[in-house]
Amino acid sequence: MRLTSIKLVGFKSFVDAVNVPFAGNMTAIVGPNGCGKSNIIDAVRWVMGESSAKTLRGESMTDVIFNGSTGRSPVGQASIELVFDNSDGTMGGAYAQYAEISVKRQVTRDSQSNYFFNGQKCRRRDISDLFLGTGLGPRSYAIIGQGMISRLVEARPEELRSTLEEAAGVSKYKERRRETENR
Ligand code: ATP
Ligand code: MG
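The rules we used
Residues numbered from 1 in each chain as written. Chains lettered and ligands numbered in written order. Predicted model: local features only at pLDDT ≥ 70, side-chain atom pairs only at ≥ 80, totals over all residues. UniProt positions renumbered as here; feature names shortened; annotations may be inferred. Helix = DSSP H or I, 4+ residues; strand = E, 2+ residues; numbered from the N terminus. Buried ≥ 20, exposed ≤ 12 C-beta atoms within 10 Å, placed from the backbone. Pairing = 2+ DSSP bridges. Axes fitted to C-alpha atoms, helices over the stretch in contact; angles between N-to-C directions. Contact = placed C-beta atoms within 7 Å. Core = buried A, V, L, I, M, F, W, Y, C linked by C-beta atoms within 7 Å.

Caption draft 1: View of the UniProt feature "binding site: ATP" (unreviewed entry) in the protein chain. The sites that carry the UniProt feature "binding site: ATP" (unreviewed entry) are, in the present numbering, Pro32, Asn33, Gly34, Cys35, Gly36, Lys37, Ser38 and Asn39. Inspection of the secondary structure assignment puts Asn33 in the loop between β2 (18-21) and α1 (37-47). Using a count of 5 C-beta atoms within 10 Å as the deciding quantity, one classes Asn33 as exposed. Within the secondary structure, Gly34 is located in the loop between β2 and α1. What makes Gly34 exposed here is the crowd of 9 C-beta atoms within 10 Å.

Below, the structure written as structure tokens:
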């Protein structure tokens, strides 16, 4: 499974539609302080279902919507689309049939949040299910953000354990068990 592109519209500093392609096995995003590098990482977490505004370096969930700059008015909604190459079937089960998977999230100023799987509206749960056990996901170890290493070093045992469980691929089964027990 490989992330092949990110489309950002109205998200944080990306007011106009931008498509960031990831062509090879390594892509570096470079630029001066404040140009939006971390915003791209926030976008990846956000579309996978991150629901903590703090993790996204904001105060409320609508802080991800472009809120204006000198000469540009704020916009009414933000959307991010991630496109994955799934030709190796990493996203298994019902998803294995799709060689390409697109995941999109949209939010409006009135906090309406919508998720899409390959263009079809779906639930947030469908998106989190998709990533469970793949090593990806909003809090996954596949995304190592600024300051995360020191957070991990200082993590409480329970937090450290959940990171290890996701890495070992057992979080998926724990989630299923939790669901069954709650029925
Ligand atoms: P550094 O090298 O310092 O880590 P960076 O390239 O990671 O910088 P980011 O943190 O991604 O920079 O971008 C910060 C910029 O994004 C700031 O200029 C901030 O004003 C802008 N920004 C964040 N949220 C919004 C928003 N909702 N609307 C408009 N601009 C925003
Ligand atoms: Mg940064």
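Caption draft 2: Quick peek at the sheet that holds β2. Spatially, the 6 strands line up as an open sheet ordered β2-β1-β3-β4-β5-β6, and their pairing is antiparallel. The sheet is open, and its two edges are formed by β2 and β6 (120-122), each paired on a single side. Looking at each pair of strands side by side, their axes are set apart by 20 degrees on average, direction ignored. Bridge analysis of strand β5 (residues 113-117) against β6 gives 3 bridges, and the strand direction is antiparallel. Bridge pairing in β6 places Phe117 opposite Gln120. On top of the sheet, α1 reaches β1 (2-9), β2, β3 (77-85) and β4 (100-108); it is set at about 80 degrees to β3, its chief contact.

Caption draft 3: Fine view of the environment of Glu81. Relative to the assigned elements, Glu81 resides in strand β3. On the neighbour-count criterion, Glu81 (19 C-beta atoms within 10 Å) is partly exposed. Residues Glu81 and Leu8 lie 73 residues apart in sequence; the distance between their C-alpha atoms is 6.8 Å. Excluding residues within four positions of it along the chain, Glu81 makes contact with Lys7, Ser102 and Lys104.

Caption draft 4: Quick look at the nonpolar core. Judged by nonpolar contacts, the single largest core of 27 residues is most densely connected at Phe11, Ala43, Val47, Val64, Ile80 and Leu82. Here this core takes 5 residues from β3, the largest share from any one element. Aside from chain neighbours lying at most four places away, what touches Val64 is Phe11, Lys12, Trp46, Leu56, Gly58, Ala78 and Val107.

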